[in-house]
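Close look at the chain arrangement
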Amino acid sequence: MPTLLDNAMKSKNAVLAFSGLVTAALAWSMWDGSIFPTQADPKGDPENWTREELRRWLAARNLHPQKGDTREQLLERVKANMR
C-alpha cells in the first residue's frame, strides 16, 4: 500500500518545484547574488579612519589584522601597504 510520501514522490509537480528551486539557486549564484555585500573601501587620509575602517582595509587585502592590534599598529600597516 503506497504511503503519502510515495504518492508525493510520483507527482510531477514536486519534481518541477524542486527543479525550479535548483534553477533559481544556480541563477542566483551565477549572478553573484551576495546576501551580505561587502562594504566599500574607506576613502581619504588613513589618519582619519576609525579602527574598524583600518581593519576592514587590511582584511580586504588579505593582510589579516589581529584582534589585539592597536589603532597605531593598524595605521602603520596600512601606510606600509598603500601604494
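The residue numbers shown here count from 1 along each chain, following its written sequence. Where local features are concerned, this predicted model is filtered to residues with pLDDT of at least 70; where side-chain atom pairs are given and counted, the filter is 80 or more; whole-chain, interface and lining totals use all residues. Side-chain figures throughout are based on the complete set of non-hydrogen atoms in the structure, without hydrogens or water.

With that settled, consider helix H2 (residues 12-30). Helix length check: H2 (19 residues) gives 27 Å between terminal C-alpha atoms against 27 Å at 1.5 Å per residue, within 8%. Looking one or two residues past H2, Asp-32 carries a phi angle of roughly 55°, positive in sign. Elements are defined by DSSP. Helices are runs of H or I of four residues or more, strands are runs of E of two residues or more, and each kind is numbered from the N terminus. The span you would expect from a helix comes to 1.5 Å times its residue count less one.

Attention now moves to the pattern of salt bridges. Here, a salt bridge means any side-chain nitrogen of Lys or Arg that lies within 4 Å of a carboxyl oxygen of Asp or Glu. Tallying each qualifying case throughout the model produces three salt bridges. Among the ionic pairs, Asp-41 bridges to Arg-61, the shortest N-O distance being 2.6 Å. One end of the pair, Asp-41, is in the loop between H2 and helix H3 (51-60); the other, Arg-61, is in the loop between H3 and helix H4 (71-81), and 20 residues separate them in sequence. In this scheme, a residue with accessible area under 20% of its type's maximum is buried, one over 50% is exposed, and one in between is partly exposed, where area comes from a 1.4 Å probe on protein chains only. The class for Arg-61 is partly exposed, based on a relative accessible area of 34%.

In this section: the packing of aromatic side chains. Put simply, two rings from Phe, Tyr or Trp (the six-membered ring, in Trp's case) pair if the centres are within 6.5 Å, and we call them stacked under 30 degrees between planes, edge-to-face over 60, tilted for the rest. Applying the stated criterion across every chain, the model contains one aromatic pair. With centroids separated by 6.5 Å and ring planes inclined at 45°, the aromatic side chains of Trp-49 and Trp-57 adopt a geometry described as tilted. By the burial criterion, Trp-49 is buried, and Trp-57 matches it.

Listed as buried for H4 are Leu-74, Leu-75 and Val-78. In a view along the axis of H4, the buried residues occupy a sector of 100°, so they form one face of it. Every exposed residue of H4 that faces more than 90 degrees away from the buried side is listed here: Glu-72, Glu-76 and Ala-80. The contact criterion used throughout is that any non-hydrogen atoms of two residues lie within 4.5 Å. Where H4 is buried, its residues contact H3. Throughout, the arc means the angular range of directions from the helix axis out to the C-beta atoms.

Once that is clear, we can look at the environment of Ser-29. In this fold, Ser-29 is placed in helix H2. Separated by 10 residues in the primary sequence, Ser-29 and Gln-39 have C-alpha atoms spaced 19 Å apart. In terms of polar contacts, Ser-29 uses its side chain to reach the backbone carbonyl oxygen of Leu-26, at 2.9 Å. By the criterion applied in these results, polar contacts are pairs of N or O atoms within 3.5 Å in which, for protein atoms, one can donate a hydrogen and the other can accept it, and in which residues neighboring in sequence qualify only through two side-chain atoms.

You will see that Asn-62, though not glycine, has its phi angle at about 55°, which is positive. Relative to the helices and strands, Asn-62 is located in the loop between H3 and H4. Its identity is not glycine, yet His-64 carries a phi of approximately 45°, on the positive side. Locating His-64 in the fold gives a position in the loop between H3 and H4.

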